[in-house]
Amino acid sequence: MWRLRRVAVACEVCQSLVKHSSGMKGSLSLQKLHLVSRSIYHSHHPTLKLQRPQFRTSFQQFSSLTNLPLRKLKLSPIKYGYQPRRNFWPARLAARLLKLRYLILGSAVGGGYTAKKTFDQWKDMIPDLSDYKWIVPDIVWEIDEYIDLEKIRKALPNSEDLAKLAPDFDKIVESLSLLKDFFTTGHKLVSEVIGASDLLLLLGSPGETAFRATDPGSESDKPYRKVSDKEKIDQLQEELLHTQLKYQRILERLEKENKELRKLVLQKDDKGIHHRKLKKSLIDMYSEVLDVLSDYDASYNTQDHLPRVVVVGDQSAGKTSVLEMIAQARIFPRGSGEMMTRSPVKVTLSEGPHHVALFKDSSREFDLTKEEDLAALRHEIELRMRKNVKEGCTVSPETISLNVKGPGLQRMVLVDLPGVINTVTSGMAPDTKETIFSISKAYMQNPNAIILCIQDGSVDAERSIVTDLVSQMDPHGRRTIFVLTKVDLAEKNVTSPSRIQQIIEGKLFPMKALGYFAVVTGKGNSSESIEAIREYEEEFFQNSKLLKTSMLKAHQVTTRNLSLAVSDCFWKMVRESVEQQADSFKATRFNLETEWKNNYPRLRELDRNELFEKAKNEILDEVISLSQVTPKHWEEILQQSLWERVSTHVIENIYLPAAQTMNSGTFNTTVDIKLKQWTDKQLPNKAVEVAWETLQEEFSRFMTEPKGKEHDDIFDKLKEAVKEESVKRHKWNDFAEDSLRVIQHNALEDRSISDKQQWDAAIYFMEEALQARLKDTENAIENMVGPDWKKRWLYWKNRTQEQFVHNETKNELEKMLKCNEEHPAYLASDEITTVRKNLESRGVEVDPSLIKDTWHQVYRRHFLKTALTHCNLCRRGFYYYQRHFVDSELECNDVVLFWRIQRMLAITANTLRQQLTNTEVRRLEKNVKEVLEDFAEDSEKKVKLLTGKRVQLAEDLKKVREIQEKLDAFIEALHQEK
């Protein structure tokens with residue numbers, strides 16, 4: 001109001017001056033009037049041709065004059081000549097001011113009453129919301145307890161800070177004056193600038209000094225100095241840069257406060273204060289879809305077109321460093337010049353209360369704020385990479401899935417690929433370069449993948465390989481973001497700064513990109529923290545010529561701006577493509593379901609894991625069936641198997657040598673000695689081997705026995721593998737042999753046959769054993785001498801020359817045995833000479849060793865026939881046995897030997913049966929369970945053992961259903977977020 005009064009008074013003064021000076025010869029010039037009068041709009045003045053527009057500045061919104069528009073004051077027309085008139089202008093001015101006062105007072109009273117009435121009406125119209133307080137979460141009513149509003153208010157910029165951010169109007173006026181100097185005369189322009197400055201002084205608020213230059217003097221007091229265009233441009237650019245940096249600091253401070261507040265809220269939700277289950281975030285749901293797709297589509301073919309950010313670049317270009325800056329943690333293994341990324345690493349970034357990382361297949365969380373956990377995480381990633389790399393290879397296409405959560409992280413999915421190399425060095429596989437190219441192309445050929453191309457700014461652009469590869473995959477640059485790393489080294493080493501600008505703008509490469517960024521990833525020290533790198537990056541760009549000379553724009557620098565841009569691009573691509581991918585998987589599911597119904601209409605859709613569980617139950621049932629085998633069956637098969645194993649040793653090494661003795665005493669002594677040696681060294685071990693083999697045979701019989709219509713041959717390979725692995729792992733109890741040795745030794749020491757039935761059983765057992773040996777001996781002789789005359793005539797077979805010699809030798813030896821049936825087991829040297837001469841007389845040349853071999857078989861047959869005849873004679877020898885063969889020519893010590901062997905076999909079989917049923921079957925069942933559990937965790941083993949079209953079709957059908965369900969849930973959540 002006081003300014004309006006000053007303006008009105010100034011105008012009246014001007015009028016009075018004009019009136020009083022009307023009697024003078026010349027008129028008073030407008031330039032000589034009052035300063036305020038010159039600045040008021042005088043439309044009738046002929047000299048005021050240049051009308052200056054009203055200044056509209058940013059500080060007007062804070063002024064109290066903006067709501068009261070200035071009135072145009074009606075000035076009295078200027079009349080020339082002397083006109084006497086009485087002037088009562090003070091009275092008229094007072095009347096007008098009183099009228100204005102009443103108008104203002106009446107408007108205020110009426111407006112206040114109307115506003116109160118309107119407010120009461122609106123208040124009555126608003127419903128009572130007190131009954132609906134339960135809808136609002138408790139945290140809203142208690143927000144003042146968890147959020148310091150006073151702290152936020154203090155964090156907000158005050159009027160002085162905002163005033164400092166406004167442009168300097170004095171400098172702007174100075175720039176305008178210099179610009180207009182090219183078009184108008186100097187005197188006229190200076191007068192206009194002075195008039196505008198006076199008007200600003202007149203309308204300025206008490207806080208106007210915040211918007212002015214530091215010099216308190218007016219422009220009229222300063223001497224005029226012409227400023228060059230370059231100085232003006234540099235000054236304006238410096239002011240713009242400082243303004244951007246101030247805004248950036250304020251924004252970072254507010255974001256830090258917001259980050260802490262969100263962390264508090266998330267921690268409160270994490271503790272379950274609201275007693276409700278939190279939903280999964282969008283990025284976690286999307287990451288699960290990608291994980292399922294990676295398992296289903298291992299070859300990464302065209303079925304998987306879901307977006308992800310693919311990070312590619314030359315080796316040591318700084319891919320991993322950029323990724324760590326985005327994740328805000330040093331999570332990857334590092335090495336100077338060495339290839340560290342040996343397999344793709346999928347990193348899912350999401351927001352959470354704590355800065356942690358965890359693998360997809362593990363529940364362990366690594367605290368990224370602790371250096372010990374960071375070191376453990378880097379070591380675990382390196383171990384997983386080396387595990388994925390097969391023998392003889394350098395890189396692997398298998399993906400490592402890692403989730404990183406933390407406050408303030410941008411939500412997205414990135415895939416760090418091995419660095420592209422130009423030359424295969426020593427220690428690398430020969431196909432390393434081609435393998436890296438194929439892996440990179442497989443990820444980049446996805447039409448919805450965002451390619452984050454990393455280029456090292458410190459090396460020559462012509463040495464880059466990745467740019468050619470990216471331009472082949474995305475020739476139009478619609479999904480490529482170019483990032484120039486190590487810009488600090490580039491600015492230091494490159495002599496021409498314009499070359500960096502050409503790299504950023506993509507003029508040195510054939511590739512095109514959606515956006516270009518420049519970042520600094522540290523000073524090259526691996527021990528630098530993320531916070532130190534960020535501060536160094538901001539300090540560098542603040543002082544860099546690239547920003548001061550406008551080669552780079554502010555939004556093209558720092559990894560923070562890069563992270564925001566990549567996240568926005570990623571979610572834009574997701575929203576544009578996810579529904580189309582969901583429709584394609586619906587069509588795939590329909591095709592697979594139709595194929596299953598046509599091929600397997602009566603079978604359930606069991607995938608590989610479900611089939612494995614079914615086979616597991618069948619195998620465990622078959623193991624339990626071993627306990628249903630009767631003791632009699634166990635003892636029969638054990639006794640028979642044990643005799644088959646030891647019969648050769650009993651006949652050849654015990655019975656035959658003892659039978660060559662001349663009397664019964666020597667026979668018994670020889671038998672006792674040999675049985676003792678056999679029991680101490682070989683027999684217990686042989687018995688355990690027989691028992692273990694018997695258990696395997698029974699287990700195999702139950703496993704392979706067909707079950708009729710219920711038998712499913714799809715499990716045959718799995719059952720066979722489980723059986724082999726279980727048998728390999730099973731070991732018999734170590735103490736079994738020691739206890740068995742004592743039992744067998746005691747059994748063989750017993751010579752007392754209690755009744756005739758046992759005597760007859762021993763004779764029957766002896767006859768079977770001797771007959772089996774006699775049959776084997778006759779077969780050996782027949783093979784030695786060739787076919788007899790019946791086979792030669794009936795089957796047209798002939799003897800070889802060697803068989804003819806053996807036959808002649810046999811005939812000569814049989815003649816000698818007929819002459820002396822009690823001939824000892826060995827031939828004397830003179831007898832060998834006699835046989836050889838007799839054969840030579842018939843024209844048969846024979847070697848002495850051939851005579852000995854033939855004699856062994858001939859005498860063995862003769863001895864076995866004699867033993868069988870003696871065995872028949874001993875059928876009535878039980879009476880003489882009871883009298884210890886006193887006053888009897890019949891001696892049946894060989895029958896007693898076979899009875900001792902038979903009884904030892906029965907006792908051993910019974911002992912082994914007890915060990916089987918009480919211990920070994922249970923231990924085998926335990927081994928089978930362990931093998932099945934190991935196979936269940938080995939996906940490669942299951943794929944190898946459960947094969948076929950039916951399994952693969954069910955597996956694909958399950959995966960497609962799971963992908964479709966997760967995609968539908970993700971799309972629904974995405975629409976809800978919109």
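Residues numbered from 1 in each chain as written. Predicted model: local features only at pLDDT ≥ 70, side-chain atom pairs only at ≥ 80, totals over all residues. Heavy atoms only, no water.

Another point: the overall build of the protein. Check the secondary structure of the protein and you find 35 helices and nine strands. Taking contacts inside the protein between residues at least 6 apart in sequence as the whole, the part at least 24 apart equals 79%. Split by element, the accessible area of the protein, about 58,100 Å² in all, is 53% carbon and sulfur. (Helix = DSSP H or I, 4+ residues; strand = E, 2+ residues; numbered from the N terminus. Contact = heavy atoms within 4.5 Å. Areas by Shrake-Rupley, 256 points an atom, 1.4 Å probe, with all protein chains shown as cover.)

The next subject is unusual backbone geometry. Excluding glycine, most residues fall at negative phi; most peptide bonds, likewise, are trans. Positive phi is not limited to glycine here, since Ser 316 has a value of about 65 degrees. Here Ser 316 is to be found in the loop between strand 1 (309-313) and helix 12 (319-327). Looking at Ser 316, the relative accessible area reads 43%, which means it is partly exposed. Residue Lys 486 is not a glycine yet carries a positive backbone phi of 55 degrees. Along the chain, Lys 486 falls in the loop between strand 8 (480-485) and helix 16 (487-493). (Buried < 20%, exposed > 50% of the residue type's maximum accessible area, 1.4 Å probe, protein only.)

In this section: the side chain of Thr 320. Along the polypeptide, Thr 320 turns up in helix 12. Assessed through its relative accessible area of 15%, Thr 320 is described here as buried.

As a further point, take the packing of aromatic side chains. By the definition in use, this model includes 16 aromatic pairs. For the pair Tyr 655 and Phe 898, a centre-to-centre distance of 5.4 Å together with 65 degrees between the ring planes defines the contact as edge-to-face. Placement of Tyr 655 in helix 22 (residues 631-659) and of Phe 898 in helix 33 (residues 893-937) is noted, with a sequence separation of 243 residues between them. Classification of Phe 898 as buried rests on a relative accessible area of 1%. The rings of Trp 643, Tyr 655, Phe 765, Phe 863 and Phe 898 are connected pair by pair, giving a single aromatic cluster. It is Arg 384 that lies over the ring of Phe 359; its NZ or CZ is 4.0 Å from the centre. In this structure, Arg 701 is placed above the aromatic ring of Phe 702, and the distance from its NZ or CZ to the ring centre is 4.7 Å. (Phe/Tyr/Trp six-rings, centres within 6.5 Å; stacked < 30°, edge-to-face > 60°. Lys NZ or Arg CZ within 6 Å of the ring centre and 35° of its normal.)

For strand 8, a buried count of six out of six residues is recorded, marking the element as mostly surrounded by other parts of the structure. The side-chain alternation of strand 8 yields two buried faces, one formed by Thr 480, Phe 482 and Leu 484 and the other by Ile 481, Val 483 and Thr 485. Where strand 8 meets strand 9 (residues 515-518), four bridges bridge the pair, whose relative direction is parallel. Residue pairing in the sheet places Ile 481 in a bridge with Gly 515 of strand 9. (Pairing = 2+ DSSP bridges.)

Summarising the model, the protein shows a mean pLDDT of 76, and 71% of its residues fall at 70 or more. Within the protein, the element-level pLDDT minimum falls on helix 2 (residues 35-39), averaging 37, and the maximum on strand 1, averaging 92. Below a pLDDT of 50 lies the segment residues 298-302, which in the model reaches five contacts outside its immediate sequence neighbourhood of four places, other chains included. (pLDDT = per-residue confidence, 0-100.)

Time to look at the pairing of strand 1. Of all five residues in strand 1, five are buried, a share of seventy percent or more. Neither face of strand 1 is open: one carries Val 309, Val 311 and Gly 313, the other Val 310 and Val 312, and all of them are buried.

Bringing the sheet that holds strand 5 (residues 400-405) into the picture now. Sheet architecture is open: nine strands sit in the order 4-3-5-2-6-1-7-8-9, paired in mixed fashion. Two strands in the sheet have a free side with no partner beyond their single neighbour: strand 4 (366-367) and strand 9. Across the sheet, helix 12 lies against strand 1, strand 2 (345-350), strand 5, strand 6 (412-416), strand 7 (450-456) and strand 8, angled at about 160 degrees from strand 6, the strand it touches most. In the packing of helix 15 (residues 466-473) onto the sheet, the strands contacted are strand 1, strand 7 and strand 8, and the crossing angle to strand 7 comes to about 160 degrees. (Axes fitted to C-alpha atoms, helices over the stretch in contact; angles between N-to-C directions.)

The UniProt record marks residues 233-271 and 914-941 with the feature "coiled-coil region" (unreviewed entry), using the residue numbering of this structure. Overall, residues 914-941 shows 96% helix and 0% strand. The separation of its end C-alpha atoms is 36 Å. (UniProt positions renumbered as here; feature names shortened; annotations may be inferred.)

Within the element layout of this structure, Asp 788 appears in the loop between helix 27 (756-785) and helix 28 (789-795). Residue Asp 788 is classed as partly exposed on the basis of its relative accessible area, which comes to 35%. With ten residues separating them along the chain, Asp 788 and Asn 798 place their C-alpha atoms 9.0 Å apart.

Before going further, it helps to examine the pattern of salt bridges. For the coordinates displayed, the defined rule picks out 39 salt bridges. Between Glu 635 and Arg 913 there is a salt bridge whose closest N-O contact spans 3.3 Å. Of the two residues, Glu 635 is situated in helix 22 and Arg 913 in helix 33; the sequence distance between them amounts to 278 residues. A residue is classified by how much of its surface remains accessible, and Arg 913, at 17% relative accessible area, is buried. The residue Lys 929 makes a salt bridge to Glu 925 at a minimum N-O spacing of 3.9 Å. Of this pair, Lys 929 and Glu 925 both sit in helix 33, four residues apart, which is roughly one turn of the helix. Since its relative accessible area comes to 39%, Lys 929 is described here as partly exposed. Among the charged side chains, a salt-bridge network with shared partners connects Arg 589, Glu 593, Glu 605 and Arg 961. (Salt bridge = Lys/Arg side-chain N within 4 Å of Asp/Glu carboxyl O.)

Bringing the nonpolar core into the picture now. Residues Tyr 655, Trp 678, Trp 759, Ile 901 and Val 928 are the most contacted members of the largest nonpolar core, which totals 102 residues. Among the elements that line this core, the one with the most residues is helix 33, at 17 residues. When near neighbours in sequence (up to four residues on either side) are disregarded, Val 928 contacts Ile 619, Leu 620, Val 623, Phe 699, Val 722 and Ser 726. The next biggest cluster of nonpolar side chains, apart from the first, holds 66 residues, and it includes Leu 282, Tyr 286, Leu 323 and Leu 953. (Core = buried A, V, L, I, M, F, W, Y, C linked by side-chain atoms within 4.5 Å.)

Further remarks concern the state of the cysteines. For the structure shown, the criterion picks out one disulfide. The disulfide partner of Cys 874 is Cys 892, and the gap between their sulfur atoms is 2.1 Å. Judged by the torsion about the S-S bond (-100 degrees), the Cys 874/Cys 892 disulfide is left-handed. Separated by 18 residues along the polypeptide, Cys 874 in the loop between helix 31 (848-873) and helix 32 (878-882) and Cys 892 in the loop between helix 32 and helix 33 bring together distant segments of the chain. You'll find Cys 874 and Cys 892 in the same group, each marked buried. (Disulfide = S-S within 2.5 Å.)

On the surface, Lys 717, Lys 728, Lys 941 and Lys 944 cluster together to form a positively charged patch. If you list the elements that add at least two residues to the positive patch, you get helix 25 (716-729) and helix 34 (939-945). Of note, Lys 717 is situated in helix 25. (Patch = residues over 30% accessible without salt bridge, like charges linked within 9 Å, V, L, I, M, F, W, Y side chains within 5 Å. Lys, Arg positive; Asp, Glu negative; His and termini not counted. Charge placed at Lys NZ, Arg CZ, Asp CG, Glu CD.)

The subject of this paragraph is a negative patch on the surface. A surface patch of negative charge is lined by Glu 398, Glu 930, Glu 933, Glu 937, Asp 938 and Glu 940. With three residues, the single largest contributor to the negative patch is helix 33. Secondary-structure assignment places Glu 940 in helix 34.

What follows concerns the packing of helix 21 (residues 608-625) against helix 33. With their axes 10 Å apart at the nearest point, helix 21 and helix 33 run at an angle of 170 degrees to one another. The orientation of helix 21 relative to helix 33 falls into the category roughly antiparallel. In this structure, helix 21 contributes Phe 612, Lys 616, Ile 619, Leu 620, Val 623 and Ile 624 to the contact, and helix 33 contributes Val 921, Glu 925, Val 928, Lys 929, Leu 932, Phe 935 and Ala 936. (Parallel < 35°, antiparallel > 145°, perpendicular 65-115°, else oblique.)

Moving on: helix 12. Note: α-helices contain 3.6 residues per turn, so residues at a spacing of three or four share the same orientation. With nine of nine residues buried, helix 12 lies mostly within the body of the structure. Along helix 12, the positions that sit buried rather than exposed are Lys 319, Thr 320, Ser 321, Val 322, Leu 323, Glu 324, Met 325, Ile 326 and Ala 327. Following helix 12 by one or two positions, Gln 328 adopts a phi angle in the positive range, close to 60 degrees.

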